[in-house]
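# A look at the structure
If you want the building blocks of each chain, they are given just below.
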Amino acid sequence: MANLQLEAQLAGHSDWVTSIATTPAVDNMIVSSSRDKTVIVWEMKKDGTVGDDAFHIKNRIHGHGHFVSDVILSGDGKYALTACWDKMIRLWHLGRGKNMRIFKGHTKDVLSLSFSPDNRQIVSGGRDKMIRLWNTLGENKLTLPEKHGGHADWVSAVVYSPIEAKMLTAGWDKKIVVWNFSELNGIRCEAELYGHKGSINTVCISPDGSLAASGGKDGNVMLWDLKDNNHLYTLENTADVTKLDFSPNRYWLTGAVGNVVKVWDLEKRELVCEVKLDHCDHPQGTPTEVTTLKWMSDGQRLVVGYTDSFIRVFRVY
C-alpha cells in the first residue's frame, strides 16, 4: 500500500485553485491558476529545504478579467497557455510574466486546453460547445462543431495523446470523442465513447498513450483502451470526479473525488491510497473540496488544489 504524506501547504491564491501544470523540462516548477484571476509560478528550492518553505512564489501573473479555468505548459517549460471565463486564451512568457499573445474565437467561457506533443498546435474547448484548433500564432485553424462529430453541450475537457496522432474531447453531453490526425485526411472522428450517466469533467491519457481515463458527475471513473477504443472497466465513487491524472512512473491513476484524493493501482484495480484533510473546514463552514491535481515529473510528489485557495504537496512514502 502507498502512503501520501503532506509535505507542504502553499498559500498564494485567494480563491479556488482551478488547475495545476508541471513539466519534466523544469522539474522544480509548479504553475497554478485560480478563480482569483491570476496564475502563479512556484519554484521548489533544491537546497534540501523542507516543508512550506521549500516552495516560493517566483512570479504572479495578472491579465485575465475572469476566473482562469485551465493552465498548460509548453514542452520546454518557458511558456504557459491559460483559458478563462472571459472567453480568451492567453500565451505567457513565464520568465518575464509577459502576455505574448491573445487567442480570440470562443464566444463563451473557455474551459480546457492542451498542447500537441510537438507544441505546434493547441486544442481548446468551452461553453460554446466548440472544439477549436490553433497554431502558436493564435490563429484559429479549425473549428469542430457538433455536426462535424463534436459535442452537443459544453466541451469540458480536451487532451492530446503524448504518443499517437490522436486527441480526446469530452463534454456535458456525456460522451468522449476520439479524434485521429492524418496528413492525408486532416482530422476525423475515429470513435465516440459512451458510458457515463452524467456530464464528464475530466479526461486524461496515460504516458504511453495506450489508456484513457474519464470522470464526471456520475461519480464513475471509466478506463478505456485507446487501441480498440473499448471500455475496460469502471471504478465507482460516491462524489463528483473533477480531475484525473496518471502517475508518470507507476501504474497508478489519481483522482480528485469530492473532498478526497484517491490513488488506484490499475493492474490490481484497487484503491491503494486515500487522502482526506483532517482540517477540511472552509472559513464559510462548507467542506474543502479537491478541485485539481497533477503529478510532478519525478512521480514522488502529487500537487493538489482545493476550494480553500491552498495548494498542498503530498509525497509518496
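Note that this is a predicted model, so its numbers are computed, not measured.

## Let's talk about the overall build of the chain
- Looking only at helices and strands, one finds zero helices and 28 strands in the chain.
- Relative to the globule expectation of 20 Å for 317 residues, the C-alpha radius of gyration of the chain, 18 Å, shows essentially globular dimensions.
- Projected onto its principal axes, the C-alpha coordinates of the chain cover approximately 55 × 45 × 35 Å.
- A buried classification covers 57% of the 317 residues belonging to the chain.
- Long-range contacts, defined as pairs at least 24 residues apart, comprise 44% of the intrachain contacts of the chain with a sequence gap of at least 6.

## Focus: the sheet that holds strand S22 (residues 241-246)
- Strand order in this open sheet of four strands is S22-S23-S24-S25, and the pairing throughout is antiparallel. Of all strands in the sheet, those bounded by a partner on one side alone are S22 and strand S25 (270-276). Taken pair by pair, the neighbouring strands of this sheet meet at an average axis angle of 20°, ignoring direction.
- Where S22 and strand S23 (residues 252-257) come together, five bridges link them in antiparallel fashion. Within the sheet, the bridge partner assigned to Leu244 lies in S23 and is Gly255.

## Quick look at the pairing of strand S24 (residues 260-265)
- Taking burial as the measure, the six residues of S24 include six buried ones, the bulk of the element.
- Residues of S24 alternate between two faces, with Val260, Lys262 and Trp264 on one and Val261, Val263 and Asp265 on the opposite face, all of them buried.
- Summarising the sheet, S23 and S24 pair through six bridges and their orientation is antiparallel. Paired with Ala256 across the bridge in S24 is Val261.
- Where S23 folds back on S24, the antiparallel hairpin that results is connected by two residues, among which Gly258 adopts a positive phi of roughly 60°.
- Where S24 meets S25, six bridges bridge the pair, whose relative direction is antiparallel. Bridging across to S25, Trp264 finds its partner in Leu271.
- Here S24 folds back onto S25, and the loop between the two strands holds four residues, one of which, Arg269, carries a positive phi near 55°.

## Side note on the nonpolar core
- Counting 18 residues, the largest nonpolar core has Leu4, Val261 and Val304 as the members making the most contacts within it.
- Elements supplying a minimum of two residues to this core: S23, S24, S25, strand S26 (290-295), strand S27 (301-306) and strand S28 (311-316).
- Within the second largest apolar cluster, 15 residues are counted, among which are Val178, Ile205, Trp224 and Leu226.

## So, the UniProt feature "repeat: WD" (unreviewed entry) in the chain
- Within the UniProt annotation, "repeat: WD" (unreviewed entry) is assigned to residues 10-52, 61-102, 103-135, 148-182, 193-234 and 234-274.
- Between the end C-alpha atoms of residues 193-234 there is a gap of 13 Å, over a span that is 0% helix and 60% strand.

## Examining the packing of aromatic side chains
- Tallied over the full model, the rule gives five aromatic pairs.
- With 5.8 Å between their ring centres and 25° between their planes, Tyr160 and Phe181 make a pair best called stacked. Of the two residues, Tyr160 is situated in strand S14 (residues 155-160) and Phe181 in strand S16 (residues 175-182); the sequence distance between them amounts to 21 residues.
- Classification of Tyr160 by relative accessible area gives buried; the value is 6%.
- Here Arg127 stacks its cationic end above the ring of Trp85, 4.3 Å away from the centre of that ring.
- The ring of Tyr306 is capped by Arg312, whose NZ or CZ atom sits 4.6 Å from the centre of that ring.

## Notes on unusual backbone geometry
- We note that Lys87 has phi near 80°; this positive angle belongs to a residue other than glycine.
- Here Lys87 is to be found in the loop between strand S7 (79-84) and strand S8 (89-93).
- In this structure Lys87 comes out as partly exposed when scored by relative accessible area, which is 40%.
- With a phi angle near 85°, Ser309 is a residue other than glycine that sits in the positive phi range.
- Along the polypeptide, Ser309 turns up in the loop between S27 and S28.
- A residue is classified by how much of its surface remains accessible, and Ser309, at 13% relative accessible area, is buried.

## Some points on the environment of Leu4
- Within the secondary structure, Leu4 is located in strand S1 (residues 4-10).
- Separated by 313 residues in the primary sequence, Leu4 and Tyr317 have C-alpha atoms spaced 6.2 Å apart.

## Regarding the pattern of salt bridges
- For the structure shown, the criterion picks out 13 salt bridges.
- A salt bridge links Lys58 to Glu43; its shortest N-O distance comes to 3.8 Å. Of the two residues, Lys58 is situated in strand S5 (residues 55-61) and Glu43 in strand S4 (residues 39-44); the sequence distance between them amounts to 15 residues.
- A residue is classified by how much of its surface remains accessible, and Lys58, at 55% relative accessible area, is exposed.
- The partly exposed category is assigned to Glu43, whose relative accessible area is 25%.
- Salt bridges here are not isolated pairs; linked through shared partners, they connect Glu7, Asp298, Arg301 and Arg315.

Reading the values: the criteria
- In every chain, residue numbers begin from 1 and rise along the written sequence.
- pLDDT decides what is reported in this predicted model: residues at 70 or higher carry local features, side-chain atom pairs at 80 or more are listed and counted, and totals for whole chains, interfaces and linings draw on all residues regardless.
- Computation of side-chain values: all heavy atoms of the structure, hydrogens and water removed.
- Secondary structure elements are defined from DSSP: runs of H or I of at least 4 residues count as helices, runs of E of at least 2 residues count as strands, and each element is numbered from the N terminus.
- Put simply, the radius of gyration uses C-alpha atoms, and a globule should come to 2.2 Å times the residue count raised to 0.38.
- Accessible area is worked out with a 1.4 Å probe on protein chains only. A residue is then buried under 20% of its type maximum, exposed over 50%, and partly exposed in between.
- By definition in these notes, contact holds between two residues if any of their heavy atoms fall within 4.5 Å.
- We treat two strands as partners when DSSP finds at least two bridges between them.
- Fitted lines through C-alpha atoms give the axes, limited to the stretch in contact for helices. The angle between two N-to-C directions lies from 0 to 180 degrees.
- The set of buried Ala, Val, Leu, Ile, Met, Phe, Trp, Tyr and Cys residues whose side-chain atoms join them within 4.5 Å is what this entry labels a nonpolar core.
- UniProt positions are given in the numbering used here, feature names are shortened, and annotations may be inferred rather than shown by experiment.
- Only rings of Phe, Tyr and Trp enter the pairing, Trp through its six-membered ring, and a pair is recorded when the two centres are within 6.5 Å. The plane angle decides the type: under 30 degrees is stacked, over 60 is edge-to-face, the rest tilted.
- The criterion is that NZ of a Lys, or CZ of an Arg, lies within 6 Å of the ring centre and within 35 degrees of the ring normal, and then a charge sits over that ring.
- Salt bridge, as used here: a side-chain nitrogen of Lys or Arg that lies within 4 Å of a carboxyl oxygen of Asp or Glu.

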